[in-house]
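Next come the chains, spelled out residue by residue.
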Amino acid sequence: MIKSLEEVVPAALHDNDMLQDTLTIPSADFNIGANETTVYLAKKSGKVTAVCFKFIAPDGYSGAINMIMGVDRDGNILGVRVLSHKETPGLGDKIEAAKSDWILNFTGRSLDNLTSAQWAVKKDGGVFDQFAGATITPRKSVQATYRGLQLFKAHQAQLINP
Ligand SMILES: Cc1cc2nc3c(=O)[nH]c(=O)nc-3n(C[C@H](O)[C@H](O)[C@H](O)COP(=O)(O)O)c2cc1C
């Protein structure tokens, strides 16, 4: 988790200990697998530059996909990583950064620079690739990431100015 956190929030964006600087927000309405979400705050000279939180795609091909995202204070994704999953090796596991670059395509995306329709795999009319013979895993990962951004947006004012 710590290694993943460092991958989704660049060190240059904070001078605080993010693990000790958290807010807990209600997330039951967002279908990301938890009623409450702990948000780690990245601060530079006391000002929030970015946040990071874990979220879950509850409905992967083989169950829950545990993910983490970093988001800058304006709502742009800094990075998404998969923490754990039970998807099929050789099919669904291309969501892992160690297996393919697919997950890096979230970086720079936001609710502002993609429409809700574009927040989908190409097969569904969106901008994200599916995998050959394995559409479910990337589809569900994209959908959960979108909902994670919606959670951020719903609490953005509080999170960037705690
Ligand atoms: C043994 C087995 C394992 C599979 N594992 C996955 C998986 O991990 N992720 C996935 O999206 N699809 C997996 N699939 C394929 C799905 O059943 C489904 O066909 C596919 O996701 C739909 O994508 P398509 O429209 O490109 O075929 C698996 C299929 C089989 C038979």
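Residues numbered from 1 in each chain as written. Predicted model: local features only at pLDDT ≥ 70, side-chain atom pairs only at ≥ 80, totals over all residues. Heavy atoms only, no water.

Comments concerning helix α2 (residues 136-160)
Moving on, step 1. If you check α2, its first and last C-alpha atoms are 34 Å apart, about what 25 residues at 1.5 Å a residue would give, namely 36 Å.
Moving on, step 2. Of all the bends in α2, the largest measures some 55° and sits at A154. (Helix = DSSP H or I, 4+ residues; strand = E, 2+ residues; numbered from the N terminus. Expected span 1.5 Å × (residues − 1). Bend = angle between axes of the 7 residues up to and from the residue.)

Observations regarding the pattern of salt bridges
Moving on, step 1. All chains considered together, the criterion is met by eight salt bridges.
Moving on, step 2. The shortest N-O distance in the salt bridge between K140 and D59 comes to 3.5 Å. Of this pair, K140 sits in helix α2 while D59 sits in strand β3 (residues 47-60), placing them 81 residues apart in sequence.
Moving on, step 3. Look at D59 and you get partly exposed, because its relative accessible area is 29%.
Moving on, step 4. With a closest N to O distance of 3.4 Å, K99 and E96 form a salt bridge.
Moving on, step 5. Each member of the salt-bridge network shares a partner with another, and the members are K3, E7 and R81. (Salt bridge = Lys/Arg side-chain N within 4 Å of Asp/Glu carboxyl O. Buried < 20%, exposed > 50% of the residue type's maximum accessible area, 1.4 Å probe, protein only.)

Structural notes on the site of the ligand
Moving on, step 1. Close to the ligand lie Y61, E87, T88, L91, G92, K123, G133, A134, T135, I136 and T137.
Moving on, step 2. Here an oxygen atom of the ligand and a backbone polar atom of G92 are 3.5 Å apart.
Moving on, step 3. In isolation the ligand exposes 610 Å². Once the protein is present, 59% of that is buried. (Near = heavy atom within 4 Å. Polar contact = N/O pair within 3.5 Å; in protein donor to acceptor, adjacent residues only side chain to side chain. Areas by Shrake-Rupley, 256 points an atom, 1.4 Å probe, with all protein chains shown as cover.)

A closer look at the nonpolar core
Moving on, step 1. V51, F53, F55, M67, V80, F106 and W119 are the most contacted members of the largest nonpolar core, which totals 35 residues.
Moving on, step 2. Elements that contribute at least two residues to this core include exactly β2 (36-44), β3, β4 (63-72), β5 (77-84) and α2.
Moving on, step 3. The biggest single contributor to this core is α2, with eight residues.
Moving on, step 4. Setting aside residues up to four positions removed in sequence, W119 forms contacts with I77, F106, R109, S110, L111, L114, F128, V142, T145, Y146 and L149.
Moving on, step 5. Residues V8, M18, Y40 and C52 belong to the second largest nonpolar core, which totals nine residues. (Core = buried A, V, L, I, M, F, W, Y, C linked by side-chain atoms within 4.5 Å. Contact = heavy atoms within 4.5 Å.)

Considering the packing of aromatic side chains
Moving on, step 1. If you walk through the whole model with that rule in mind, you get seven aromatic pairs.
Moving on, step 2. Seen in terms of ring centroids, W119 and Y146 are 5.8 Å apart; in terms of plane orientation they differ by 40°. Their pairing is tilted. On the criterion of sequence distance, the pair formed by W119 in the loop between β5 and α2 and Y146 in helix α2 is long-range, its members being 27 residues apart. Accessibility assignment for this pair places W119 and Y146 in one class, buried.
Moving on, step 3. Taken together, W102, F106, W119, F128, F131 and Y146 form an aromatic cluster joined through their ring pairs. (Phe/Tyr/Trp six-rings, centres within 6.5 Å; stacked < 30°, edge-to-face > 60°.)

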